[in-house]
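Results of the structural survey
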Amino acid sequence: QVQLLESGGGSMQAGGSLRLSCAVSGRTISSTAMGWFRQAPGQEREFVAAIGKSGDSTTYADSLKDRFTISRDGARNTVHLQMNSLKPEDTAVYYCAARDGLAVFTSVRYYNYWGQGTQVTVSS
């Protein structure tokens, strides 16, 4: 059974940085594509970033690619999301996701496993 556990969320002033982590159990991350999504109150869940098997294959939401970086740590079976220059509009619950496959997708419907989410709150 694949389980995902996010950590690293919290409250932050605008301009600060946070690093989210997603610890994966039940599957090695080298055999699956991983993604980060976020959901603000009253909004649909939206794509943030994804990383493929090699770690060189990454994709980002256009509006976030200059501030956010996704990476994987194979030794710890963990995926990270480094978020810099945070803005109040980044406030959301951030979810880690994994899919049964190696191809990277940006749509929630391609991901089979989800974490419980971690809250990120950015104040101005």
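An account of the accompanying structure is given in this report.

Rules and cut-offs
Residues numbered from 1 in each chain as written. Predicted model: local features only at pLDDT ≥ 70, side-chain atom pairs only at ≥ 80, totals over all residues. Heavy atoms only, no water. Phe/Tyr/Trp six-rings, centres within 6.5 Å; stacked < 30°, edge-to-face > 60°. Helix = DSSP H or I, 4+ residues; strand = E, 2+ residues; numbered from the N terminus. Buried < 20%, exposed > 50% of the residue type's maximum accessible area, 1.4 Å probe, protein only. Lys NZ or Arg CZ within 6 Å of the ring centre and 35° of its normal. Contact = heavy atoms within 4.5 Å.

A word on the packing of aromatic side chains
Inspection of the entire model under this criterion finds five aromatic pairs. Aromatic side chains F37 and W114 sit 5.1 Å apart centroid to centroid with 55 degrees between the ring planes, which places their arrangement in the tilted category. With F37 in strand 4 (residues 34-39) and W114 in strand 10 (residues 113-114), this residue pair connects regions lying 77 residues apart in the sequence. Taking the relative accessible area as the measure of exposure, W114 reaches 27% and is therefore partly exposed. Pairwise contacts between aromatic rings join F37, F47, Y111 and W114 into one cluster. Stacked on the ring of Y95, the Lys or Arg R45 has its end atom at 3.6 Å from the ring centre.

Describing the environment of G117
Secondary-structure assignment places G117 in the loop between strand 10 and strand 11 (118-123). Distance in space between the C-alpha atoms of G117 and K53 is 22 Å, their sequence separation being 64 residues. Non-local contacts of G117, meaning those with residues more than four positions away in its chain, are made with E6, V93, Y94 and Y95.

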